[in-house]
Structures are given as structure tokens and as C-alpha cells.
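If you want the building blocks of each chain, they are given just below.
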Amino acid sequence: MQLKTNNLKSINKLKHLFILSIAVLISSTITAQEIIEDEVKEEVKAISVTDSVNSSQAIKVDGVAAVVGEHIILDSDIDKTILQMKAQGVSTEDIPRCQIFGSLLENKLYAHHAVQDSIEVSEAEIRSNVDYQIQQFLAQTGGDMQKLLDFYKKEDEKSFREEMYQINKNNELAKRMQSKIIDEIEVTPEEVRVFFNAIPKDERPTFGTELKVSQIVIEPKVSSEEIEKVINRLKEFKADVLENGASFRSKVVLYTDDKASVAKGGLYTLHREKPLMVKEFRDVAFSLQEGEISDPFETDFGYHIIQLEKIRGQEYDVRHILLIPNVSSAAIQEAKEKLEGIREQLIKEEITFEEAARKYSDEKETRSEGGFLINPATQDYNFELTKMDTELYTQIQSLKDDEISLVLKDQDRTGKIKFKILRVTDRVNEHEADYSRDYLKIKELALTEKRFKAIGEWQNQKIMDTYIKINADHRDCDFSSNWLKK
């Protein structure tokens, strides 16, 4: 990975390489053999792959491209990675084979040192990932497991699952090792200023058209009878698990309204210092003991019960069942008519958009902000059109400044219905980077550069400390990292 950056072009190249690294991590989920068994490792040593220090007695070992610590990379792994990346829609035409090989080397280096640093991963989460992947594979073979085993040249499902488990585990270790290197890195305002001033004026980035988006959301009201029905159902699920030994995971598969989590049996891994779910969900999860099941509780998504499976330091493995109360057609029509009335007030200028949002909107996240959406990438109100969520872009693309949209019907991944109106303001056309106006974006670029420098320093040190052998066929690669230890 090229790590020295002198200008913005270098940073863009770094981002490309980082994306490649992540793509290889994902694609290697089904390609690479991972841990070398003791007898295999001895065989590799005995046959003599080209040593990265001494290449005078190079002898090709068929199939073995490299050894990194206790991990091997096969020649076929590179080919399979390219095919898998293409299958995932990644263009590989401009990516040299040596570059993909270098990314595989990096991933193995991360995984190796994650184990050395005692980084742990959730076995339950890895197993769930494997279940999901196999289901996806089976969907491509018409549900025929034997076709799947034949394609991946495995004798039985058990051995296939175990290999998939090891691959997924090591990929997760690699990702966590990389996160550990960069998570604590920050940049000061002075570092941002120095970074920006070092960019030649003719190489400064151009930022696309930006604007602010605000919305007012009205949700159909659920009857108290329907809420009570859902809560009682969740209580029945809990009692059946505790009193009759029923499977919580099976109930997730059969009943949850969070369909995206079904493949993982409702499993999520929460971290105390890295919010993943909404606050109400986290508060309940972190209050449980291992094996305990919560009482029903409410979030903006509906009503839940949680089972805490395992606590690993700051990480909690939890499963949940979500039930969404049904809303009547009358309640849906009432919500739509209420929002149409609010829109009429806005058109007649009887109330400002900000006042209406604070007074009427059912969306807590934007209500206190006067309806303004916060850009998750920048944590401010500005959205760049070219980087906007596709669905949101579709909804606002034809709006002029301060124009109020028609009432729109929204339905989230759980099927929950709501209505909203949108407004666009403060449009700024495409422009060259300005330090004051675009400080947050420039800060992110400076942080990216600093992170890549940290990764480079870490790699340079760990490569020298790690047992690494590169096959003679790959020693002519123009590696950006010192894999040959020259």
C-alpha cells in the first residue's frame, strides 16, 4: 500500500488502494486457505519457498505464493479473489495482479498480529455470518448443497462450514487489527491548516453542489389494544424459552419483523464505546446478564425482547425479536391528512418550517433541529448531491430552494409506514475547496492521510518482525510495502 502522500492526488490514490484492501477482505471470504496445520507448515519449510532474505537458492513450490506468519496464500487465491471481486461488481481491469497479491499479504499480516495482540472475535457472530453466506451460496445453486460442495471441492458440509468459519474469523481479525491501528488517531486544527496549505492551488479538490435538507414526519398512531397485543406476544415468547426450553433463535426466524436480521438469527454484537443500535436498545442490552431475556420494551422501530448470549469485555452478543404493531387504514389516512394540513399552513406562511417541525414532527432525531437532517458522514447539515443517499436524492432532486414537497409516503425495511414533507435550503454550487467553508471535509482528508501514514509505519515495523516468504514468481512485483525485506 502506497503510504507517502504529498498532495491530494496521492490521497485519492490511497483511498483507491484502501477500497481495494477492503474488497479483498470481503472477497477472500470464500477463496483463501487460512491456517497452516503443523505438518503442512513443516512441509512448506522443508520444500523451501524463496526466502524474503535469501533468494540465492530459490525453488518454486507449486501453488504456494507466500507465507505470512502462520498463514499461506496460494496462487489460486489470487485468481479466485479476482473472480470474486468481479462477481461483486468491482472493476478489476485497472488493478494489477501484483496489487491484489499485495493486499492479500496485508490482510494476512493483520490477521497474524491480531492473534498476537489477543484481539478476540465473537464465535456466535462468525457462525451466523457463515450461515448467512451459505444461504446466499445455496440461493445461486437452487438450494443444492452437493453442487455447492462440488464447486468448492469439499467432501461434506461440515468441513465446508469449518473452512468458512476459519476464513471469516481471520478476515474479522484482520479488520479489527486495522481498526485498532487507526481508531485513536485524530488531527488538530493546526494539522488541518498545514495539510491544506501544502496542497498546490491547482490540485485543490472541487466539491460538488451542496444543500441542506429538512423534513417533517408524521407517523400513524397505533391503538393501545394493538400495543398490548404485541407486548403480550413477546411475553409469551419469553416464557416459552424460559419455561419450556424453546429456542430463542427459532422464534426470531419465525416471528421477528426485523427481516434483515433473520439470516443471523437476530444476532447483533454491541460495543459499549461504539454505538450501533438506538439508545433504548443499548440501555436494555447492557443491563442484562448472560442468558437473561429482557422484558418487552419500545424503540422507534417497534417493540423488542433481547436475549444476551455472551459478554466479552466491552462487547455484548445479543439476539432480539422485533414486533411492529399493526396500524389501521383509518390511522394511516388520518396521519396523511394531518401532514397535508401542516403543508397548507407552510404554503400560506402561517408558520415557519422550523416551528412546524418542532411542534408537529414525530421524528425525534430531526424535531429538535427544526427538521434539518444531519449528514452522517460529516455530522453537519450539508449534503453533497453526488454523495447523497439515492432515495433521498430522488425525493429532493426536483425541489427548488425553500420549496415544500408534496406529502410523501415512506416505508422502512421493517414495513413501518410514515409520511413526510421535505424542503431544500442553502444551496451552494460546485466550488473549489475553501478552508473556512469546507473545513470539515478538509479535516477528513487530513485525517485520512494521517491514518495511512500510521498504517504504513505499522506495516513497515511488523513486516520486519514477522516470518514472511514470497515465492520466486512474485518477487518481481513492485510492492509498495517492503515484503521482500530489502
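Here the structure is shown first, and the text comes after it.
Chemist: Can you walk me through the overall build of the protein chain in this structure?
Modeler: The helix and strand tally for the protein chain stands at 16 helices and 13 strands. With 486 residues in all, the protein chain has 48% of them scored as buried. For the protein chain, long-range pairs separated by at least 24 residues make up 68% of all intrachain contacts whose partners lie at least 6 apart in sequence. A total of about 25,500 Å² of accessible surface is found on the protein chain, and carbon and sulfur atoms cover 47% of it.

Chemist: Is there a simple way to explain the packing of helix α5 (residues 123-140) against helix α7 (residues 157-182) in this structure?
Modeler: The axes of two packed helices give the description: the angle between them and the distance between them. Closest axis-to-axis distance for the α5/α7 pair is 9 Å, and the angle between their directions is 120 degrees. Here α5 lies oblique to α7, going by the angle between them. You can see that α5 and α7 cross each other, and the crossing is right-handed. Here α5 contributes Glu123, Glu125, Ile126, Arg127, Asn129, Val130, Asp131, Gln133, Ile134 and Phe137 to the contact with α7, which in turn contributes Phe160, Arg161, Glu162, Met164, Tyr165, Asn168, Lys169, Glu172 and Arg176. Here the contact of α5 with α7 is composed, by residue class, of seven nonpolar, three polar and nine charged.

Chemist: What's the story with the packing of aromatic side chains in this structure? I'm lost.
Modeler: Each aromatic ring pair is described using two quantities: the centre-to-centre distance and the angle formed by the ring planes. All told, the structure shown has eight aromatic pairs when counted by the stated rule. Centre to centre, the rings of Phe101 and Phe479 are 5.9 Å apart; their planes meet at 50 degrees, and the pair counts as tilted. With Phe101 in helix α4 (residues 97-116) and Phe479 in the segment after β13 (468-470), this residue pair connects regions lying 378 residues apart in the sequence. Here Phe101 falls in the buried class, since its relative accessible area comes to 1%.

Chemist: Is there a simple way to explain the sheet that holds strand β1 (residues 64-68) in this structure?
Modeler: Sheet strands line up and pair through hydrogen bonds in the backbone, either parallel or antiparallel. In spatial order, the strands read β2-β1-β13; together these three strands make up an open sheet with antiparallel pairing. Edge positions in the sheet fall to β2 (71-74) and β13, since each has one partner strand and no second. Across this sheet, the average inter-strand angle for adjacent strands is 15 degrees, counted without regard to direction. Pairing geometry for β1 and β2, over four bridges, is antiparallel. Its bridge partner lying in β2, Val64 is registered against Leu74. Along the sheet face, α4 touches β1, β2 and β13 and points at about 165 degrees away from the line of β2.

Chemist: Sorry, what's going on with the state of the cysteines here?
Modeler: Chemically, a disulfide is nothing more than a covalent bond linking the sulfur atoms of two cysteines. Across all of its chains, the model carries one disulfide by this definition. Linked covalently through their sulfurs, Cys98 and Cys477 form a disulfide whose S-S length is 1.9 Å. One quick way to see it: the torsion about the S-S bond of Cys98 and Cys477 is about -75 degrees, and its sign makes the bridge left-handed. Within this pair, whereas Cys98 is found in helix α4, its partner Cys477 is found in the segment after β13, the two being separated by 379 residues in sequence. Taking relative accessible area as the criterion, Cys98 reaches 31% and is therefore assigned partly exposed. Classification of Cys477 as buried rests on a relative accessible area of 10%.

Chemist: I would appreciate a short explanation of the nonpolar core in the present structure.
Modeler: As a rule of thumb, soluble globular proteins bury nonpolar side chains together. One finds Phe101, Leu105, Ile470 and Trp483 to be the most contacted residues of the largest nonpolar core, which totals 56 residues. Membership of the second largest hydrophobic core comes to 16 residues, among which are Ile218, Ile342, Leu346 and Ile351.

Chemist: Just checking my understanding: could you explain unusual backbone geometry for this structure?
Modeler: Backbone geometry follows two general trends: most residues other than glycine have a negative phi, and most peptide bonds adopt the trans configuration. For Ser118, which is not glycine, the phi torsion reads 60 degrees and is therefore positive. Tracing the sequence through the fold places Ser118 in the loop between α4 and α5. By relative accessible area, which is 59% here, Ser118 ends up exposed. The residue Lys485 is not glycine, and still its phi comes out positive at about 55 degrees.

Chemist: What's the story with the sheet that holds strand β8 (residues 315-323) in this structure? I'm lost.
Modeler: The four strands lie next to each other as β5-β8-β7-β6, forming an open sheet whose pairing is antiparallel. Looking at the sheet topology across the chains shown, the edges are occupied by β5 (267-271) and β6 (297-299). Averaged over all pairs of adjacent strands, the angle between strand axes in this sheet comes to 50 degrees, irrespective of strand direction. In the sheet, strand β7 (residues 302-312) pairs with β8 via nine bridges, with the strands oriented antiparallel. Its bridge partner being in β8, Tyr303 is matched across the sheet by Leu323. Strands in contact with helix α10 (residues 248-255) are β7 and β8; relative to β8, the strand with the most contacts, it is inclined by about 40 degrees.

Chemist: Looking at this structure, how should I read the pattern of salt bridges?
Modeler: Note that side chains of opposite charge can pair when their charged atoms are close. In total, this model carries 31 salt bridges according to the counting rule given. Linking Glu172 and Lys175 is a salt bridge whose minimum nitrogen-to-oxygen distance equals 3.5 Å. A residue pair is termed a helical-turn pair when its members lie 3 or 4 positions apart in one helix, as Glu172 and Lys175 do in helix α7 at three residues. Its relative accessible area of 39% is what places Lys175 among the partly exposed residues. One salt bridge in this structure joins Lys416 and Glu219, with 4.0 Å as the shortest N-O distance. Residue Lys416 is found in the loop between β10 (408-411) and β11 (417-428), and its partner Glu219 is found in the loop between β4 (210-218) and α9 (224-244); the two are separated by 197 residues along the sequence.

Scoring rules and cut-offs
Chains are numbered independently. Their residues run from 1 in the order of the written sequence. Confidence filtering applies because this is a predicted model: local features only for residues at pLDDT of at least 70, side-chain atom pairs given and counted only at 80 or more, and all residues used for totals across whole chains, interfaces and linings. To get the side-chain values, take all heavy atoms of the structure and skip hydrogens and water. Numbered from the N terminus, helices here are DSSP runs of H or I no shorter than four residues, and strands are runs of E no shorter than two. For each residue, the accessible area found with a 1.4 Å probe, counting protein chains only, is set against the maximum for its type, and the residue is called buried under 20%, exposed over 50%, and partly exposed in between. Whether two residues touch is decided by their heavy atoms; if any such pair falls within 4.5 Å, the residues are in contact. For the area figures, the Shrake-Rupley method with a 1.4 Å probe applies, and any residue is considered shielded solely by the protein chains shown. Helix axes are fitted to C-alpha atoms over the stretch in contact, other axes to C-alpha atoms as well, and angles between N-to-C directions run from 0 to 180 degrees. Any angle between 65 and 115 degrees counts as roughly perpendicular, while under 35 counts as roughly parallel, over 145 as roughly antiparallel, and the rest as oblique. In this scheme the crossing of two helices becomes right-handed for a clockwise turn of the near helix relative to the far one and left-handed for an anticlockwise turn of less than a right angle. In this classification, Asp, Glu, Lys and Arg are treated as charged, Ala, Val, Leu, Ile, Met, Phe, Trp, Tyr, Cys and Pro as nonpolar, and every other residue, Gly included, as polar. For Phe, Tyr and Trp, rings pair up if their centres lie within 6.5 Å, where Trp contributes its six-membered ring, and each pair is then called stacked (planes under 30 degrees apart), edge-to-face (over 60) or tilted (otherwise). DSSP-based pairing: two strands are paired if at least 2 bridges between them are found. Cysteine sulfurs are considered disulfide-paired once they come within 2.5 Å of each other. The set of buried Ala, Val, Leu, Ile, Met, Phe, Trp, Tyr and Cys residues whose side-chain atoms join them within 4.5 Å is what this entry labels a nonpolar core. Salt bridge criterion: a side-chain nitrogen from Lys or Arg within 4 Å of a carboxyl oxygen from Asp or Glu.

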